[in-house]
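Structural features, examined
Residue-level listing of the chains:
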Amino acid sequence: MKPSPFFRTSARLVTALALAFTAACSDNTDPDDNNPDAGSNPDAGTTAPLYAFVAQVSTDTTSTSYVILTETLDPATPLSLTNATEINGRALGSGIPKSGSLFVSSSAGATVTRYNVTASNTLEKAGEVSFAGKAVTSIGEYQNQFQFVSETKAYYFDGRNSQIIVWNPKDMTVTNSLSLPDMTLAGSTLTFASNPLSVGTKVLMPLGWRAGAAVSKQAGIIVVDTTNDSAVVVKDDRCGYVRDGIVGTDGKVYLATEAYGAAEKRVSGSNPTVPTPCLLKFDPETNKYDATFFKELGTLTNGGATGSLLAGPNGTGYLRVLDETLYPVQADTNARALASSVAWKWWKLDPAAGTNATLVDTLPASTGSSFLYQVNGRTVFTEFTNGGGTTNYRELTDLSGKLVATHQGLSFSFLQVR
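Residues numbered from 1 in each chain as written. Predicted model: local features only at pLDDT ≥ 70, side-chain atom pairs only at ≥ 80, totals over all residues. Heavy atoms only, no water.

**Details of the overall build of the protein**
Threshold: Helix and strand labels come from DSSP, where a helix needs a run of H or I of at least four residues and a strand needs a run of E of at least two; each type is numbered from the N terminus. Only protein chains enter the accessibility calculation, which uses a 1.4 Å probe. A residue is then buried if its area is under 20% of the maximum for its type, exposed if over 50%, and partly exposed in between. Here the Shrake-Rupley method, with its probe set to 1.4 Å, supplies the accessible areas, and only the displayed protein chains count as covering residues.
Tallying secondary structure elements over the protein gives three helices and 32 strands in all. Per-residue burial for the protein yields a buried fraction of 55% across its 418 residues. Roughly 16900 Å² of accessible area belongs to the protein as shown, and the carbon and sulfur atoms make up 49% of that amount.

**Some remarks on the sheet that holds strand β7 (residues 111-117)**
Two pairing modes exist for strands in a sheet, parallel and antiparallel, and in both the strands are linked by backbone hydrogen bonds. The condition that has to hold: Should DSSP find at least two bridges between two strands, the strands are regarded as paired. Axis lines are fitted to C-alpha atoms, over the contacting stretch for helices. Their N-to-C directions set the angle, which ranges from 0 to 180 degrees.
Reading across from one edge, β5-β6-β7-β8 is the order of the four strands in this open sheet, with antiparallel pairing throughout. Each edge of the open sheet carries a strand with a single partner, namely β5 (91-94) and β8 (123-130). Here the average twist between neighbouring strands, direction ignored, is 25°. As paired elements, strand β6 (residues 101-106) and β7 share four bridges and run antiparallel to each other. Looking at the pairing, phenylalanine 103 lines up with arginine 114 of β7.

**Overview of the sheet that holds strand β27 (residues 358-359)**
With antiparallel pairing, the four strands of this open sheet are ordered in space as β24-β25-β26-β27. The open sheet has two edge strands with one neighbour each: β24 (306-311) and β27. When β24 meets strand β25 (residues 317-322), the two strands line up antiparallel, connected through five bridges. The residue of β25 that forms the bridge with glycine 307 is arginine 320.

**Re the nonpolar core**
What counts is decided by this rule: Note on terminology: a nonpolar core comprises buried Ala, Val, Leu, Ile, Met, Phe, Trp, Tyr and Cys residues joined through side-chain atoms within 4.5 Å. Contacts were defined at the residue level, with two residues in contact if any of their heavy atoms lie within 4.5 Å.
Phe53, Val112, Phe131, Ile139, Phe146 and Trp167 are the most contacted members of the largest nonpolar core, which has 37 residues in total. It is strand β2 (residues 51-58) that contributes the most residues to this core, four residues altogether. Not counting the four nearest positions on each side in its chain, valine 112 is found in contact with Phe103, Val104, Ser105, Gly127, Glu128, Val129, Phe131, Ile139, Phe146, Trp167 and Met172. Core analysis: the second largest hydrophobic core is formed by 18 residues, Ile164, Leu185, Leu190 and Ala193 among them.

**Remarks on the environment of tryptophan 209**
Applicable threshold: Throughout this description, a polar contact denotes any pair of N or O atoms lying within 3.5 Å of each other; where both atoms belong to protein, one of them has to be capable of donating a hydrogen while the other can accept it, and for residues adjacent in sequence the pair is counted only when both atoms sit in side chains.
Within the secondary structure layout, tryptophan 209 lies in strand β15 (residues 202-211). Placed ten residues apart in sequence, tryptophan 209 and alanine 219 show a C-alpha to C-alpha distance of 7.9 Å. Within the local environment of tryptophan 209, its side chain forms a polar contact with the backbone oxygen of methionine 183, the two atoms lying 2.9 Å apart.

**Structural notes on the packing of aromatic side chains**
Here a ring pair, both rings aromatic, is described through the centre-centre distance and the interplanar angle of the planes. Put simply, the rule reads: Any Phe, Tyr or Trp ring, taking Trp's six-membered ring, that has another such ring centre within 6.5 Å forms a pair; planes under 30 degrees apart are called stacked, those over 60 apart edge-to-face, and the others tilted.
Taken as a whole, this structure holds 24 aromatic pairs when the rule is applied. With centroids separated by 5.8 Å and ring planes inclined at 50°, the aromatic side chains of phenylalanine 384 and phenylalanine 412 adopt a geometry described as tilted. Residue phenylalanine 384 is located in strand β29 (residues 378-385), and its partner phenylalanine 412 is located in strand β32 (residues 410-416); the two are separated by 28 residues in the primary sequence. The residues phenylalanine 384 and phenylalanine 412 share a single accessibility class, namely buried. Three or more aromatic residues joined by ring pairs form one cluster here, namely Phe103, Phe131, Phe146, Phe148, Tyr156 and Trp167.

**With respect to the state of the cysteines**
Rules: Two cysteine sulfur atoms make up a disulfide if the distance between them is within 2.5 Å.
Taken as a whole, this structure holds one disulfide when the rule is applied. Here cysteine 239 pairs with cysteine 278 through a disulfide, and the sulfurs are 1.7 Å apart. Highlighted residues: cysteine 239 in the loop between β18 (230-236) and β19 (244-247) and cysteine 278 in strand β21 (residues 278-283), separated in sequence by 39 residues. There is no split in this pair, since cysteine 239 and cysteine 278 are both buried.

**Things to note about the pairing of strand β11 (residues 163-168)**
The two faces of the sheet receive side chains in turn, since in a regular strand these alternate between them. Burial of β11 is extensive: six of the six residues sit out of reach of the surface. Both faces of β11 are covered, namely the face carrying Gln163, Ile165 and Trp167 and the face carrying Ile164, Val166 and Asn168. Pairing geometry for strand β10 (residues 153-158) and β11, over five bridges, is antiparallel. Within β11, the position partnered with phenylalanine 157 by the bridge is isoleucine 164. From the end of β10 to the start of β11, which pair antiparallel, there are four residues, and serine 162 there has a positive phi angle of about 50°. Bridging between β11 and strand β12 (residues 173-179) involves six bridges; their strand directions are antiparallel. Within β12, the residue paired with isoleucine 164 across the bridge is leucine 178.

**Re the pattern of salt bridges**
The condition that has to hold: Every case where a carboxyl oxygen of Asp or Glu lies within 4 Å of a side-chain nitrogen of Lys or Arg is listed as a salt bridge.
Tallied over the entire structure, the rule returns twelve salt bridges. Glutamate 128 serves as the salt-bridge partner of lysine 125, at 3.2 Å between the closest nitrogen and oxygen. Judged by relative accessible area, lysine 125 falls into the partly exposed class, the value being 45%. A salt bridge links glutamate 383 to arginine 394; the nearest nitrogen and oxygen atoms lie 2.9 Å apart.

**Here we look at helix α2 (residues 259-267)**
Of all the nine residues making up α2, seven are buried; the element is thus mostly covered by neighbouring parts of the structure. Every buried residue belonging to α2 is among Ala259, Tyr260, Gly261, Ala262, Ala263, Glu264 and Lys265, and all of these are buried. Looking at the buried side of α2, the elements it contacts are β15, β16 (214-215), β24, α3 (335-340) and β26 (344-349). Within two residues after α2, glycine 269 carries a phi angle of roughly 70°, on the positive side.

**Digging into unusual backbone geometry**
Phi at glutamate 141 is positive, roughly 70°, even though this residue is not glycine. With respect to the helices and strands, glutamate 141 occurs in the loop between β8 and β9 (146-150). For aspartate 229, which is not glycine, the phi torsion reads 60° and is therefore positive. With respect to the helices, strands and loops of the structure, aspartate 229 is situated in the loop between β17 (219-225) and β18. Judged by its relative accessible area of 17%, aspartate 229 falls in the buried class.

These figures capture arrangement, not role.
Given below as structure tokens:
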């Protein structure tokens with residue numbers, strides 16, 4: 001399938017889709033650190049940063065995405081889709097930060113298109129590569145299924161075909177594929193981590209499985225050695241949906257059940273078939289789980305429904321804990337709606353220290369599932385609101401949660417391209 005019909009700019013169609021979507025919706029010590037746009041002043045003698053947001057706007061029948069380029073992050077003014085590059089389907093934008101290039105893919109096909117940023121801050125097509133020869137028909141889910149090792153080597157984690165595709169982003173060619181049948185769990189659907197890890201020369205991709213809406217009691221992680229493109233799937237059956245992780249102060253990787261798994265456990269009551277959200281420890285040098293280490297997440301947060309573990313500074317992390325005063329759980333509460341509610345507080349955890357987590361009361365409650373991105377060296381997290389109609393980017397580095405940027409639609413991709 002040729003991708004060229006998918007990429008075009010149409011202000012009229014953007015406006016029409018925006019109206020339809022709105023009707024339908026009525027998933028640091030630097031003194032400039034508090035300003036994500038610091039350094040963009042031409043008088044400072046530096047080139048202004050440039051950011052690429054990819055927004056997915058859906059109606060009852062279609063999904064369309066828009067690549068938005070901007071030098072300015074103004075939380076008071078939502079980013080406009082009007083002059084954005086339009087892409088059919090759910091699009092992902094990925095690449096090496098500040099490299100001047102953006103690699104765009106879509107659920108509408110198997111092609112990745114490279115765009116270079118021009119001096120006038122537009123996207124210029126600079127090549128494409130198809131994964132169709134590796135049985136790929138659609139590219140979806142998350143930005144971080146693309147992992148870039150260098151300008152000449154990248155990986156695409158393909159769950160549908162239980163493989164990793166090795167490709168060259170400079171030459172736009174497929175160079176290899178790594179078959180990993182252990183990605184497959186019979187009767188279950190695979191999902192990838194939203195925030196995979198890099199440890200030395202290894203890329204670590206935590207895995208989660210669901211049988212329909214039910215969390216499967218299986219943890220897993222893919223370990224890729226980038227020096228020789230070898231890969232292995234390591235599993236553990238003590239709990240499930242263990243899709244989040246951080247590297248602790250002891251160099252070990254700590255893995256936790258994601259917020260959806262915690263939400264399903266909360267709405268299930270005492271159903272013993274639903275896995276208890278947990279914290280596991282994994283050694284990236286030996287590729288083994290610590291069989292003696294297992295913690296129920298709720299025991300670290302005074303018994304609250306707890307899921308997701310996002311990276312903080314210096315080997316610490318943040319657990320997400322449901323505040324039921326903000327979203328009371330009823331007999332008919334849906335787990336997906338609960339995980340997506342703006343009701344999950346932030347609790348700081350040092351897993352290597354063996355202590356319980358503590359509430360970070362300066363950060364407002366947000367949606368349970370979040371993605372982390374770098375903006376001029378600072379970390380922001382995503383928040384999906386308005387029934388998935390709006391994506392907010394909020395400040396994490398200074399623990400304020402202040403709004404950095406916002407746009408219409410769902411966003412699963414962000415990259416600082418310059």
